[in-house]
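Residues per chain are reported as follows:
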Amino acid sequence: KVGGKRLYELARAGVEVERQTRHVTIKKLELEVFNPPTLQIFVECSKGTYIRSLAFDIGGVLGTGAYLQDLTRTRHGPFSVEGAITLEGLQAAFQENTWHEAFYPPEYILQGWRTHTATPEEELAIRQGKTLPLPAPAEGDREMLAAYTEGGELLAVLYWDRERGVWQPKKVFPGGG
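Everything numeric here is computed off the predicted structure, so don't read it as measured data.

J.: Please provide a residue-by-residue account of the nonpolar core, values included.
T.: In this structure, Ala118, Ala125, Ile126, Leu132, Leu134, Leu145, Ala147, Leu155, Ala156, Leu158, Trp160 and Trp167 together form the largest nonpolar core, which totals 12 residues. Where this core is concerned, the elements lending two or more residues are α5 (120–127), β6 (144–148) and β7 (154–161). No other element matches the four residues that β7 contributes to this core. Among residues more than four places away in sequence, those in contact with alanine 118 are Glu123, Ile126, Tyr148, Thr149, Glu150 and Leu155. Core analysis: the next-biggest nonpolar cluster, separate from the first, contains seven residues, Leu110, Trp113, Leu154 and Val157 among them.

Below, the structure written as structure tokens:
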């Protein structure tokens with residue numbers, strides 16, 4: 001995004017934008033289908049990878065130019081297309097009253113996140129929506145963390161407020177307190 005607008009929206013409007021260079025990791029890049037002049041590739045990459053830029057760069061290397069015709073995200077963090085439920089499956093789960101089995105618990109979603117165990121005083125502050133002056137995230141780290149009670153229960157998701165240099169509760173979960 002540039003100025004709150006997505007780069008592809010600006011490109012479609014004919015606005016040329018200088019893109020910032022960012023370091024990303026391409027873990028896997030495979031040619032799946034080649035049907036000239038179209039190719040279909042599989043990319044496994046780090047967060048922040050701009051696939052449209054990758055297509056443009058591949059076209060430059062090939063000396064032909066290239067653009068992205070279609071993009072399907074097959075994985076995001078712990079989630080994959082294989083583990084997804086269809087809309088029909090979800091509707092059936094609601095009809096059968098088994099919908100709760102179709103959802104991941106918050107702890108699954110937050111696996112791999114930075115965590116903080118709140119003292120009782122911090123827990124009260126979080127439940128009141130107050131900020132915490134914890135250490136800032138390291139460069140390149142996720143600017144969100146999962147806070148837990150001393151008893152190990154998920155308390156809240158906090159985000160890093162750069163301007164104020166504090167952690168702000170974004171979602172506080174119900175619980176004892």
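J.: I'd like a description of the sheet that holds β6, backed by residues and values.
T.: Neighbouring strands of a sheet are bound in pairs by backbone hydrogen bonds; such pairs are parallel or else antiparallel. An order of β5-β6-β7-β8 is seen for the four strands of this open sheet, with the pairing classed as mixed. Pairing within the sheet leaves two strands with one partner each, and these edge strands are β5 (114–117) and β8 (166–172). Taken over all neighbouring pairs, the strand axes of this sheet differ in orientation by 35 degrees on average, direction set aside. Alignment of β6 against β7, held across five bridges, turns out to be antiparallel. Each bridged residue has a counterpart across the sheet, and for methionine 144 the counterpart in β7 is tyrosine 159.

J.: Which residues make up α5, and what values do they have?
T.: Those residues of α5 lying buried are Glu122, Glu123, Ala125 and Ile126. Take α5 and look down its axis: the buried residues cluster within an arc of 165 degrees, on one side only. Positioned one or two residues after α5, glycine 129 has a phi angle of 80 degrees, which is positive.

J.: An account of unusual backbone geometry is requested, with residue identities and associated values reported.
T.: For the bond from proline 36 to proline 37, the omega torsion is 5 degrees, close enough to zero to count as cis. Inspection of the secondary structure puts proline 37 in the loop between β1 (26–35) and β2 (38–45).

J.: Which residues make up the packing of aromatic side chains, and what values go with them?
T.: The geometry of an aromatic ring pair is captured by the separation of the ring centres together with the interplanar angle, meaning the angle of the planes. Following the criterion strictly, the structure yields six aromatic pairs and no others. Arranged with centres 6.0 Å apart and planes meeting at 75 degrees, the rings of tryptophan 99 and phenylalanine 103 form a pair that is edge-to-face. Accessibility expressed as a relative area gives 36% for tryptophan 99, which makes it partly exposed. Given the relative accessible area of 47%, phenylalanine 103 is considered partly exposed. Aromatic rings pair up to connect Phe79, Tyr104 and Tyr108 into one cluster. Against the face of phenylalanine 173 rests lysine 171, its NZ or CZ located 5.6 Å from the ring centre.

Conventions adopted
- Residues numbered from 1 in each chain as written.
- Predicted model: local features only at pLDDT ≥ 70, side-chain atom pairs only at ≥ 80, totals over all residues.
- Heavy atoms only, no water.
- Core = buried A, V, L, I, M, F, W, Y, C linked by side-chain atoms within 4.5 Å.
- Buried < 20%, exposed > 50% of the residue type's maximum accessible area, 1.4 Å probe, protein only.
- Helix = DSSP H or I, 4+ residues; strand = E, 2+ residues; numbered from the N terminus.
- Contact = heavy atoms within 4.5 Å.
- Pairing = 2+ DSSP bridges.
- Axes fitted to C-alpha atoms, helices over the stretch in contact; angles between N-to-C directions.
- Arc of directions from axis to C-beta.
- Phe/Tyr/Trp six-rings, centres within 6.5 Å; stacked < 30°, edge-to-face > 60°.
- Lys NZ or Arg CZ within 6 Å of the ring centre and 35° of its normal.

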